[in-house]
Structure formats: structure tokens, C-alpha cells
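Per-entry structural report
Take a look at the letters that make up each chain.
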Amino acid sequence: MNADLQRPKGTQDILPPESWRFDKMRRIALDTARLYGFELLETPIFEQTQVFMRVGESTDIVQHERYSFIDAGGVDLTLRPEGTAAVARAYVQNGMYNWPKPLKLIYWGPMFRRERPQADRYRQHTQFGAELYGSEDPGADSEIILLACRVVEQVGLTNPDVRINSIGCAICRPNYRKALVDYYSARRDELCQDCQNRLEKNPLRLLDCKVDVAIRQTAPDLADYWCDDCKSHIESVMAQVSQVGRPIRRDPYLVRGLDYYTRTVFEVGHPSQGPNTALFGGGRYDGLSASFEGPGAPAVGFGMGIERILSAVGDQFPPDEAPLIYVAHLPGFMGQAQIMAEQLRNQQLATESDLLDRSLKAQLREAGKKARLALIVGGREWEQKTVQVKDFANGQQHIVELENLPLFLKDRLRDESQDTNGGSNL
RNA sequence: GUGGAUGUAGCUCAGCUGGUUAGAGCACCAGGUUGUGGCCCUGGGGGUCGGGGGUUCAAGUCCCCUCAUUCACCCCA
């Protein structure tokens with residue numbers, strides 16, 4: 001295919017069965033969130049560009065990774081690069097600050113960033129996230145962490161590795177920032193090029209440089225600069241999470257890229273993915289809603305990249321397979337087979353029939369690949385108001401009267417523990 | 001934005017130092033039974049060797065350019 005007709009760089013066609021794994025993942029995420037009483041919020045996949053500019057002056061995803069366009073009416077729009085800003089906008093615009101507190105919201109959908117694709121990183125990816133508005137209490141932070149961990153556990157990533165840090169508040173962070181800048185400025189010559197830029201742009205990010213690890217070891221620790229409120233806040237979050245039996249550890253070098261965070265930041269990885277990988281992350285952003293000209297409201301949330309999660313679980317997370325019935329037919333009975341299939345679907349039985357008018361042999365070959373049971377419509381049996389039913393689980397074949405058919409089929413499908421000497425491939 | 005790797009059938013890949021009509025496995029289709037799947041056997045459809053240019057009697061193979069894909073850094077989900 002010509003290059004200019006191909007899928008855009010960094011996007012993907014999600015083919016079956018992967019597409020069904022996505023669908024199952026979504027159901028699990030939403031169901032788990034409902035277990036905690038979260039509500040689902042849908043926002044547009046594009047917003048006015050200012051919505052994202054408000055929240056991330058110094059972050060790459062709003063600086064030079066934006067998919068922006070001017071529409072025919074001259075409005076500056078951007079495909080959303082992340083969920084939190086859009087939810088904050090919706091929160092203010094819809095007056096949700098007047099809703100009963102706390103307000104617990106989740107979202108699911110595509111996000112867009114124009115960056116160079118690599119393993120598990122796409123220009124369009126799917127994110128599931130939660131935002132909890134209206135509570136400053138450490139319990140809100142722990143609720144968010146617990147929900148996110150439960151979701152990944154539901155898909156098979158047990159014992160997630162939770163790392164947490166506090167980047168302080170408007171009162172104590174400036175002190176730390178100054179101490180950090182002083183420390184690194186004195187060693188400017190020893191820093192890598194990236195860190196010299198970070199020193200100007202976003203000093204906190206000096207801490208998670210992978211090159212200058214020796215320098216940061218003697219750098220000032222955030223913990224020594226926390227005010228009393230910030231200190232007791234993170235301690236309570238960690239205590240609360242631990243008390244439900246979920247390990248959590250402080251990572252003194254953990255700071256996150258988006259600059260709207262206050263106090264809590266966290267990332268969660270998994271042992272199967274290596275020591276410091278991030279499957280998802282989040283934090284607190286108490287000042288965000290105020291920047292949308294609404295009343296200030298404390299908030300905490302997480303965002304989870306679904307492609308990364310599914311890549312991490314691998315084949316351990318198969319899609320659900322409906323036990324399928326295939327209606328095969330003898331020559332001249334193709335129409336009858338489809339009518340039969342439709343009647344079985346009326347009984348909520350997943351059913352297919354041949355649409356190519358192929359030989360019985362070919363029909364059964366296809367049926368054997370995808371179905372649990374095959375029906376054969378036509379011939380002598382049809383004249384006696386019966387059909388042949390073949391069970392691929394054991395190779396047995398029965399002649400069943402039409403009026404008893406739905407009951408018979410449901411009975412066979414219910415019994416999962418058939419002997420399998422026939423070689424089912426389900 | 002920086003650096004590395006790779007492009008041969010739908011998929012995974014062979015194709016030695018350039019040498020006849022480019023192959024295999026899997027997948028797909030058909031036949032081996034007048035009305036029966038899997039396993040096995042036989043046959044079949046499918047390829048501008050990513051594209052363009054060059055060297056040569058001869059290029060999938062060598063050279064240049066280009067496009068695409070992929071991995072890492074930056075950043076992030």
C-alpha cells in the first residue's frame with residue numbers, strides 16, 4: 001500500500017482478539033470503579049487549546065506534543081493529551097462543585113500526543129483514569145491508590161509496586177526548590193546536558209535523571225523540607241494504604257512531569273516489568289480547579305495507559321469467548337440454516353450459519369475451529385422435524401427434535417466438564 | 001528533537017562470496033466420502049523482493065537517496 005494511505009505513525013489498528021481484550025479491560029475497570037461508587041464522565045476528545053495550556057506551562061505534552069488545529073470558525077482546538085485538565089474544566093463548567101461531596105469521577109478514552117513512538121507508547125493511546133474532588137483528606141489519596149491497584153489486580157497484575165512521594169505545598173515547596181537549585185547550580189559543570197536544561201525549566205525533575213544518579217544521592221531530600229501538614233499528610237496516606245495490606249514505599253526521587261501536582265505523587269509498577277517501571281501514576285492537584293475560574297477544590301487522581309497494562313499482562317488476560325453454535329446445512333438448505341440460527345439467537349444463544357453455501361465438509365471444518373456445537377440442517381432428519389447436533393467437545397452426535405432443540409443446546413453448553421477425547425479447541 | 005536497527009507471500013522467516021521461471025512453515029481455498037470437523041495426504045491461490053536511481057552481460061543480493069517500521073534517549077500512560 002502506498003505510504004500516504006497507511007495508518008498514521010504511532011497509531012494502531014486493534015485487531016481481534018486484542019480488540020476484545022480491550023473491551024474486557026474496559027468492563028473490568030468500570031465495574032471496579034463502581035464498586036467504589038465512582039461515576040463515569042465523558043468529555044470531548046478535543047478541547048479549546050487554552051484548557052491544556054492552563055495546566056501545563058512547562059510540560060512537553062502541552063509544549064510541543066500537541067495535536068492542535070484551527071477549525072473553520074477560527075477556534076484553536078487541541079486533541080486531549082491527558083484526562084485531568086478536561087475533567088477539571090467539566091467540573092467547573094457544569095457546577096459540579098455544588099454536587100454532594102466528595103465527587104468521584106472516572107473516564108475512559110483516547111488521548112493524543114505527538115511524540116516519537118516506541119514500545120508501549122503511541123500517538124493515540126487509551127487512558128482510564130479517576131478523579132476525586134472535594135476532599136483534602138489523606139483518605140482520598142489512599143482511595144485513589146487502592147482503586148487503581150485493584151483494577152490492575154483484576155486483570156492479573158497481582159502485588160503491584162506502589163511508590164509514593166510528596167512534593168510539598170505552596171508553603172514548603174519553594175524552600176525546597178531553592179535548596180535544590182542551589183545544590184545543583186554549584187555542580188553545574190558535572191551535569192548532563194538534559195539536567196542543565198532541567199535546572200532552568202523544571203528543577204524538581206533533576207531528581208529522576210538516570211545519568212546523574214551520583215549527584216542526587218547527596219542532594220537535599222524533600223522530606224527535610226515538608227511543612228508539618230505535608231509531612232503528616234503523606235504519612236497518613238502511607239499508613240492507610242499499608243493497613244489494608246498493600247505494600248507502599250516512599251521513593252524520594254519520584255516527581256512527576258505535569259506541574260499541577262501538589263503534595264502526593266505516586267507511580268505504580270509491577271515486578272514482572274522490572275524495578276522502576278511505571279504502569280500508571282497520579283497525584284494530588286489542589287489548585288487545578290481554581291485555575292479554571294471556579295471555586296478552588298482539592299482533588300486527587302490517577303491515569304492509566306491501557307496499552308501498557310495489556311502489554312504487561314500479556315496472554316494471561318484472554319478475552320471471554322462465547323460458546324458458539326454453528327448451523328451447517330445440506331445442499332439447498334442454506335436459507336433454513338439462517339432461519340434456524342436466528343431462532344437460536346432469540347434464545348440468547350450465540351450462533352453462526354454458513355454464508356458461502358459451501359460443502360458440508362467445509363462448513364464443519366469452520367465450525368470445528370470456532371464453535372462448541374454444530375447443527376446439520378436438511379436431508380432425512382429435516383423431513384422428520386429433527387436435526388443432527390454434533391458436540392465438538394467429545395465428537396458425539398445426536399438427533400434432536402426441533403421442539404426440544406433450545407433446551408437440548410443449553411443443556412450441552414451448560415455442562416463445561418465434558419470429556420474432551422474428541423479434541424475440542426475451545 | 002538525538003542516536004541505533006530492520007524492510008522478501010496475510011504472518012514468521014530462508015535466499016551462501018551478485019548467476020536460470022524467488023522458496024519454506026503457518027494461515028487461507030479445494031479435493032482425498034452420494035450427507036460430517038480435527039490428524040494425515042494431494043493440489044491451488046497469493047510476492048511491483050518498501051520505493052527511486054546507479055554499478056554490471058546479469059541485482060532480492062553491491063552503492064546512493066528516499067519512504068516506512070522498530071528500539072533507546074528526552075518526556076510520559
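See the structure shown above.
Residues numbered from 1 in each chain as written. Chains lettered and ligands numbered in written order. Predicted model: local features only at pLDDT ≥ 70, side-chain atom pairs only at ≥ 80, totals over all residues. Heavy atoms only, no water.

**Some details on the overall build of chain A**
Formally: For helices the rule is a DSSP run of H or I covering at least 4 residues; for strands it is a run of E covering at least 2, with both sets numbered from the N terminus onward. It is over C-alpha atoms that the radius of gyration is taken, and the globule rule equals 2.2 Å times the number of residues to the power 0.38. For every residue, the accessible area (1.4 Å probe, protein chains only) is compared with the maximum for its type, and the residue is labelled buried under 20%, exposed over 50%, or partly exposed between those bounds. The contact rule is simple, with two residues in contact once any of their heavy atoms fall within 4.5 Å. In short, Shrake-Rupley with a 1.4 Å probe defines the accessible areas, and a residue's cover is counted only from the protein chains shown. For the purpose of counting charges, residues Lys and Arg are taken to be positive, whereas Asp and Glu are taken to be negative. His and the chain ends are not included. To locate a charge, take NZ of a lysine, CZ of an arginine, CG of an aspartate or CD of a glutamate.
A count of helical and extended segments in chain A gives 14 helices and 16 strands. A compact globule built from 426 residues should have a C-alpha radius of gyration of about 22 Å, whereas chain A, at 28 Å, is more than 25% larger. Expressed along its principal axes, the backbone C-alpha trace of chain A runs to roughly 95 × 55 × 50 Å. Here chain A holds 426 residues, and the buried ones make up 49% of them. Taking all contacts inside chain A whose residues are at least 6 apart in sequence as the whole, residues at least 24 apart take part in 68%. Carbon and sulfur atoms provide 48% of the accessible area of chain A, an area that totals close to 21600 Å². Put simply, chain A has 51 plus and 58 minus side-chain charges, and the middle of one group is 2 Å from the middle of the other.

**Things to note about the side chain of Arg-89**
Mapped onto the fold, Arg-89 is located in helix 4 (residues 84–93). The class for Arg-89 is buried, based on a relative accessible area of 16%. Apart from residues lying up to four places away in sequence, Arg-89 is in contact with Pro-44, Glu-47, Val-51 and Phe-292.

**A short note on unusual backbone geometry**
Backbone torsion omega between Pro-16 and Pro-17 reads 5°, so that peptide bond is classified as cis. Residue placement: Pro-17 occurs in the segment before helix 1 (18–35). For the bond from Lys-101 to Pro-102, the omega torsion is -5°, close enough to zero to count as cis. The residue Pro-102 is located in the loop between helix 4 and strand 5 (103–112) in this model. The backbone of Asn-159 sits at a positive phi, close to 55°, despite the residue not being glycine. With respect to the secondary-structure elements, Asn-159 resides in the loop between helix 5 (138–154) and strand 7 (161–166). Since its relative accessible area comes to 59%, Asn-159 is described here as exposed. Phi is positive for Asp-357, which is not a glycine, with a value near 55°. Mapped onto the elements of the fold, Asp-357 is located in the loop between strand 13 (351–353) and helix 12 (360–370).

**Points about the packing of helix 5 against helix 9 (residues 228–243)**
The following threshold applies: Here an angle of 0 to 180 degrees is reported between the N-to-C directions of two axes, which are lines fitted to C-alpha atoms, with helices fitted over the stretch in contact. Throughout, the term roughly parallel applies to angles under 35 degrees, roughly antiparallel to angles over 145, roughly perpendicular to angles from 65 to 115, and oblique to all others. Crossing handedness follows the turn of the near helix against the far one: under a right angle anticlockwise gives a left-handed crossing, and clockwise gives a right-handed one. When residues are sorted by character, Ala, Val, Leu, Ile, Met, Phe, Trp, Tyr, Cys and Pro go into the nonpolar class, Asp, Glu, Lys and Arg into the charged class, and all the rest, Gly among them, into the polar class.
As a packed pair, helix 5 and helix 9 sit with axes 8 Å apart at the nearest point and diverge in direction by 45°. Put simply, helix 5 runs oblique to helix 9. Pair helix 5 / helix 9 crosses with right-handed handedness. Contact residues: Pro-138, Asp-141, Ser-142, Ile-145 and Leu-146 in helix 5; His-233, Ser-236, Val-237, Gln-240 and Val-241 in helix 9. Residues belonging to the contact of helix 5 with helix 9 are distributed by class as follows: five nonpolar, four polar and one charged.

**Considering the environment of Leu-157**
One can find Leu-157 in the loop between helix 5 and strand 7. It is 6.5 Å that separates the C-alpha atoms of Leu-157 and Val-313, two residues lying 156 residues apart in sequence.

**Description of the pattern of salt bridges**
Basically, it comes down to this: Definition used for salt bridges: Asp or Glu carboxyl oxygen within 4 Å of a side-chain nitrogen of Lys or Arg.
Under the definition given, this model contains 30 salt bridges. In this structure, Asp-208 engages Arg-205 in a salt bridge whose closest nitrogen and oxygen atoms are separated by 3.2 Å. We classify Asp-208 as partly exposed; its relative accessible area is 22%. The closest approach of N and O atoms between Arg-414 and Asp-411, which form a salt bridge, is 3.3 Å. Highlighted residues: Arg-414 and Asp-411, both in helix 14 (residues 405–414), separated by three residues, approximately one helical turn. Counted as one network, the salt bridges with shared partners bring together Asp-161, Arg-163, Arg-249, Asp-251, Arg-256 and Glu-267.

**Looking at the nonpolar core**
Condition: Only buried residues count toward a nonpolar core, which is a set of Ala, Val, Leu, Ile, Met, Phe, Trp, Tyr and Cys residues joined through side-chain atoms within 4.5 Å.
Of all hydrophobic cores here, the largest spans 94 residues; its most connected members are Met-25, Phe-128, Phe-280, Phe-302 and Met-304. It is helix 5 that contributes the most residues to this core, nine residues altogether. Every residue in contact with Phe-128, bar those within four places of it in the chain, is listed here: Ala-29, Leu-30, Ala-33, Ile-106, Tyr-107, Trp-108, Val-151, Phe-302, Gly-303, Met-304 and Ile-306. Core analysis: the next-biggest nonpolar cluster, separate from the first, contains 16 residues, Leu-349, Val-387, Val-389 and Leu-405 among them.

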